[in-house]
Amino acid sequence: MSDIALVENIGEYEGKTVTVQGWVADKTDKGKLQFLRVRDGTGVIQATLFQKTAPVEAFELAKRIPQESSVRVTGEVRKEPRAPGGFELSVTDMQAVQLARDEYPITPKEHGIEFLMHNRHLWLRSSRQHAILRIRATIIKAIRDYLDNNGFMLLDTPILTPAAVEGTTTLFQTDFYGEPAFLTQSGQLYNEANAMAFGKVYCFGPTFRAEKSKTRRHLSEFWMVEPEWAFGTLDDYMRVAEGMVSYIAQTVLELRKTELQVLERDTSLLEKVAAPFPRISYDDAVKIIREKGDPNFKWGDDFGAPDETLISEQFDRPVFVHHYPTEMKAFYMAPDPDRPEVCLSADLLAPEGYGEIIGGGQRSADLEYLEAQLVKHNLPREPYEWYLDLRKYGSVPHCGFGLGIERTVAWICKLDHVRETIPFARMMDKMYP
RNA sequence: UCCGCGAUAGCUCAAUCGGCAGAGCGAGCGGCUGUUAACCGCUUGGUUGGACGUUCAAGUCGUCCUCGCGGAGCCA
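Residues numbered from 1 in each chain as written. Chains lettered and ligands numbered in written order. Predicted model: local features only at pLDDT ≥ 70, side-chain atom pairs only at ≥ 80, totals over all residues. Heavy atoms only, no water.

### Some points on the state of the cysteines
Let me state the cut-off plainly: Note that a disulfide, as used here, is simply two cysteine sulfur atoms within 2.5 Å.
Under the definition given, this model contains zero disulfides. With no disulfide of its own, Cys-343 lies 13 Å from the sulfur of Cys-399, the closest cysteine sulfur.

### Quick look at the nonpolar core
Keep this limit in mind: Joining through side-chain atoms within 4.5 Å is the link that ties buried Ala, Val, Leu, Ile, Met, Phe, Trp, Tyr and Cys residues into a set, and such a set is a nonpolar core. Relative accessibility decides the category of a residue: with a 1.4 Å probe and only protein chains considered, values under 20% of the type maximum give buried, values over 50% give exposed, and everything between is partly exposed. Contacts: residue pairs with any heavy atoms within 4.5 Å of one another.
Ranked by internal contacts, the top residues of the largest apolar core, which has 61 residues, are Ile-143, Val-225, Tyr-237, Met-244, Ile-358, Leu-403 and Ile-412. Ignoring any residue separated from it by four or fewer positions in sequence, one finds Met-244 in contact with Ile-143, Tyr-146, Leu-147, Val-225, Phe-401 and Leu-403.

### A few points about the protein's contact with RNA strand B
Note the threshold: We call a residue near a molecule or strand when any one of its heavy atoms sits within 4 Å of it. Whenever a nitrogen or oxygen atom comes within 3.5 Å of another N or O atom, the pair is scored as a polar contact, on the condition that within protein one atom can donate a hydrogen and the other can accept it, and that pairs from neighbouring residues in sequence are kept only if both atoms are in side chains. Segments assigned H or I by DSSP are reported as helices when at least four residues long, segments assigned E as strands when at least two residues long, and all are numbered from the N terminus. Each residue is assigned to one class: nonpolar for Ala, Val, Leu, Ile, Met, Phe, Trp, Tyr, Cys and Pro, charged for Asp, Glu, Lys and Arg, and polar for all the others, Gly among them.
Taken together, the neighbourhood of RNA strand B is formed by 54 residues, with Phe-50, Glu-88, Arg-216, Arg-407 and Lys-430 sitting nearest. Near the protein, meaning within 4 Å, the atoms of RNA strand B are sugar or phosphate in a fraction of 48%, with bases accounting for the rest. A distance of 3.1 Å separates a base nitrogen of RNA strand B from a polar side-chain atom of Glu-110. The separation between a sugar or linking oxygen of RNA strand B and a polar side-chain atom of His-111 is 2.5 Å. For the surface near RNA strand B, the secondary-structure elements that each account for two or more residues are strand S2 (17-29), strand S3 (33-39), strand S4 (44-50), helix H2 (113-118), strand S12 (221-230), strand S18 (355-363) and strand S19 (398-404). Of the residues assigned to the surface near RNA strand B, the class counts are 14 nonpolar, 13 polar and 27 charged.

### Topic: the side chain of Thr-48
Relative to the elements of secondary structure, Thr-48 occurs in strand S4. Within polar-contact distance, the side chain of Thr-48 engages the side chain of Glu-88 at 3.1 Å. Not counting chain neighbours up to four residues away, the residues in contact with Thr-48 comprise Leu-33, Gln-34, Phe-35, Glu-88, Leu-89, Ser-90 and Val-91.

### Remarks on the confidence of the model for chain A
Test applied: Values of pLDDT, the confidence the predictor places in each residue, fall between 0 and 100.
When pLDDT is averaged along chain A, the result is 93; 98% of the residues meet or exceed 70. Across the whole predicted complex the pTM is 0.95, and at the interface the ipTM reaches 0.90.

### Concerning empty space enclosed by the protein
Applicable threshold: Using protein atoms alone on a 1 Å grid, points that fit a 1.4 Å probe yet trap it form a cavity, whereas open point sets bounded by protein on both sides within 12 Å along at least five of seven lines form a pocket; residues with an atom within 4 Å of a point count as lining. Grid points are joined across faces, edges and corners, and a volume is the space filled by probe spheres set on the points.
In total, this model carries two cavities of 30 Å³ or more according to the counting rule given. Reported here for the second largest cavity is a volume of approximately 60 Å³. Partitioning the lining of the second largest cavity into residue classes produces seven nonpolar, no polar and three charged.

### A look at the environment of Glu-264
With respect to the helices and strands, Glu-264 occurs in the loop between helix H7 (257-262) and helix H8 (267-271). For the pair Glu-264 and Lys-414, spaced 150 residues apart in sequence, the C-alpha to C-alpha distance is 9.0 Å.

### Concerning the packing of aromatic side chains
Stated formally: Pairing of aromatic side chains requires ring centres within 6.5 Å, counting the rings of Phe and Tyr and the six-membered ring of Trp. Pairs whose planes differ by under 30 degrees are stacked, by over 60 edge-to-face, and all others tilted.
Evaluated as defined, the whole model comprises 18 aromatic pairs. Look at Tyr-237 and Phe-320: their rings are 6.1 Å apart centre to centre, the planes differ by 80 degrees, and that puts the pair in the edge-to-face class. Of the two residues, Tyr-237 is situated in helix H6 (residues 234-255) and Phe-320 in strand S14 (residues 319-322); the sequence distance between them amounts to 83 residues. By relative accessible area, Tyr-237 is classed as buried at 0%.

### A few points about the side chain of Thr-251
Its location among the elements puts Thr-251 in helix H6. Excluding residues that lie within four positions of it along the chain, Thr-251 makes contacts with Thr-138, Ala-142 and Arg-256.

### Some words on the pattern of salt bridges
The condition is simple: Counted as salt bridges are all cases of a side-chain nitrogen of Lys or Arg within 4 Å of a carboxyl oxygen of Asp or Glu.
Evaluated as defined, the whole model comprises 29 salt bridges. When the shortest N-O distance is used, the salt bridge between Arg-217 and Glu-308 registers 3.5 Å. Here the residue Arg-217 occupies a position in the loop between strand S11 (200-208) and S12, and Glu-308 occupies one in helix H10 (residues 305-312), the gap between them amounting to 91 residues. Salt-bridge contacts for Arg-317 lead to Asp-316; the nearest nitrogen and oxygen are separated by 3.2 Å. Using a relative accessible area of 23% as the deciding quantity, one classes Arg-317 as partly exposed. For Asp-316, a relative accessible area of 40% puts it in the partly exposed group.

### A short note on the sheet that holds strand S10 (residues 179-183)
Note the threshold: Here a strand pair is declared whenever DSSP counts at least two bridges between the two strands.
Strands sit in the order S8-S10-S9 across an open sheet of three strands; the sheet is antiparallel. For this open sheet the edge positions go to strand S8 (160-161) and strand S9 (173-176), each flanked by a neighbour on one side alone. As paired strands, S9 and S10 are joined by four bridges and run antiparallel to one another. When the sheet's bridge partners are listed, Phe-176 is paired in S10 with Glu-179.

### Side note on the sheet that holds S18
Our working definition: Inter-axis angles, ranging from 0 to 180 degrees, are taken between N-to-C directions of lines fitted to C-alpha atoms, where helices are fitted over the stretch in contact.
The strand order across the open sheet built from eight strands is S7-S11-S12-S19-S18-S17-S14-S13, with neighbouring strands paired in mixed fashion. Here the strands that pair on one side only, and so sit at the sheet edges, are strand S7 (153-154) and strand S13 (279-281). Pairing between S7 and S11: two bridges, direction parallel. Within S11, the position partnered with Leu-154 by the bridge is Tyr-202. Each of S13 and S14 is contacted by helix H9 (residues 282-292), which is oriented at about 85 degrees to S13, the strand it contacts most.

### Digging into the packing of helix H4 (residues 127-149) against helix H13 (residues 405-413)
Selection criterion: Any angle between 65 and 115 degrees counts as roughly perpendicular, while under 35 counts as roughly parallel, over 145 as roughly antiparallel, and the rest as oblique. The hand of a helix crossing depends on one turn: near helix anticlockwise from the far one by less than a right angle means left-handed, and clockwise means right-handed.
For the pair H4 and H13, interaxial distance at closest approach is 10 Å and the crossing angle is 120 degrees. Taken together, the axes of H4 and H13 are oblique relative to one another. In this structure, H4 meets H13 at a crossing whose hand is right-handed. Across the interface between the two elements, Ile-132, Ile-135, Arg-136, Ile-139, Ile-140 and Ile-143 from H4 touch Ile-405, Glu-406, Thr-408, Val-409, Ile-412 and Cys-413 from H13. Of the residues in the contact of H4 with H13, the class split is nine nonpolar, one polar and two charged.

### Some thoughts on the packing of H9 against H10
Between H9 and H10, whose axes approach to 10 Å, the crossing angle comes to 100 degrees. Here H9 is positioned roughly perpendicular relative to H10, judged by the angle of their axes. Listed contacts from H10 to Ala-285, Ile-288, Ile-289 and Lys-292 of H9 are Asp-307, Leu-310 and Ile-311. When its residues are assigned to classes, the contact of H9 with H10 shows five nonpolar, no polar and two charged.

In structure tokens, the structure reads:
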């Protein structure tokens, strides 16, 4: 029995005989010459069999084997410029683990999105999906590395929660031992408690929004990283956020060249993603919209998707929009002491029309202000009692932000829709597979 | 929730004015010693999303329904 080799390391085995375990992604029958392209999860390698030299059983199997059958293929690794990937396996032995029983639905030709989403469990095997999801994994690791290396501690927040964080967004309700409970829409409030206990923290997990949104930027279940730290200000937040996003872009450019190539991503645009990012105030953003878009845009309105695109088009890298109207933002945002109608908040808009990927800001440290905000926002006090405690026992200025993973992946990969950025997207009216 | 578009073979699509429902891919069989979404020949393919209606005649026109796609609002 020869060594099991992974396709991603196949170059290390040149001249040696190894076994690759995987699936027949595709094949070409040339009569007395058979080409199989075998995928093992780490890559695809071409396995070649000549009728003249290969064992009879192996050759016959290769000739007959249906697409997506699972196989063990043994052969000598040869450098071969004509083969995709540059290496090829000259097969000396081959066994089927299982012969695919039905016609494989996904062919190398085009398919519609409805069909592909219905076959998502199989679509994941294709090279484009491999590229996207490897980049997703790299982005997540880059985020974790950046935060871990900058003194942040991972401290996860609960998924089952007793109340809305921001009150406005629709929540998924579930049953908690007979009591209503909700799937979290943000780790934000618990993060603040964690930050008061540990200083610099972050949570990383799934987030649920029952919004009836049907756009390329929405999922019902998505992943978010939320750093939060004590003694942090609005400026501190923007510095950490731009550092993290730059690090994400640089890491993907460095480690995922092949994948970006598969996706035909213009990497020159990603190379520009380096701190510092431009910062403009909400007031200035409104001016841009009035000049180049809607002249009647009202101060105090939130930006629509076309407005965000217009703003981000003015810059060649992500842009912060800060000091939003206090009314527009969550109840816990700290108002600007010099100008209370705006708050110490900022969103980061990604380039190329990808819109908001980060929202965050400085939180109010003031007990009386937050008590008044709860009343103003019609929120019950009782579920927030513990949150108010944080302002009783050593309240300090602090800040934090949330970055949406799927929107970030969509932007880095330049995808049309976030549904391809997660293995199994949960969208309005869509739970299969 | 609102606006727009769509549903025809396993997949991607075509079908002129309402007049015999087609092609490519896939699959099956055969051929080919360098294929890369191969190529060549043959074969296989249908409750035209559902219900009702108009008509001598409906994939095509009308009403209702279901599902999907795109966008808006809202958000990350």
